[in-house]
Amino acid sequence: MARTRNHPKKCKKCVFCNYWIGNAELKFINSTVGYEYEQYAEGKCAKQNSTKKAYLTCNKYSPSIDALKLL
């Protein structure tokens, strides 16, 4: 699997969404880089009731508690 790094301020990925339920092995790097995670991890979107990958984005995005720490 592929790991990637993103910052919640720069992108609205499912892995940073409050509605995404999954384990992407989110690991905090620092406040500049953001988080490292497994980009192809699957999770459930509680808002749309569907399966989503961690790297996807959608219009129902709402920042999670971890993402709010860096916003």
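The rules we used
- Residues numbered from 1 in each chain as written.
- Predicted model: local features only at pLDDT ≥ 70, side-chain atom pairs only at ≥ 80, totals over all residues.
- Heavy atoms only, no water.
- Pairing = 2+ DSSP bridges.
- Helix = DSSP H or I, 4+ residues; strand = E, 2+ residues; numbered from the N terminus.
- Axes fitted to C-alpha atoms, helices over the stretch in contact; angles between N-to-C directions.

Draft legend 1. Here's a closer look at the sheet that holds strand E2 (residues 20-22). If you walk across this open sheet you meet the three strands as E2-E5-E6, and the pairing is antiparallel. Edge positions in the sheet fall to E2 and strand E6 (50-53), since each has one partner strand and no second. In this sheet, neighbouring strand axes are inclined to one another by 40° on average, regardless of whether the strands run parallel or antiparallel. Taken together, the three bridges between E2 and strand E5 (residues 42-45) define a ladder with antiparallel strand orientation. Looking across to E5, one finds that isoleucine 21 is bridged to lysine 44.

Draft legend 2. Representation of the sheet that holds strand E3 (residues 27-30). Overall, antiparallel pairing links the three strands, which are arranged E1-E4-E3 in an open sheet. Looking at the sheet topology across the chains shown, the edges are occupied by strand E1 (3-6) and E3. For this sheet the average axis-to-axis angle between neighbouring strands, irrespective of direction, equals 30°. Of the strand pairs in this sheet, E1 and strand E4 (residues 34-38) are connected by four bridges, and their pairing is antiparallel.

Draft legend 3. Fine view of the pairing of E6. Bridging between E5 and E6 involves four bridges; their strand directions are antiparallel. For cysteine 45, the partnering residue across the bridge sits in E6 and is serine 50. Where E5 hands over to E6, the hairpin turn is made up of four residues, of which asparagine 49 adopts a positive phi near 55°.

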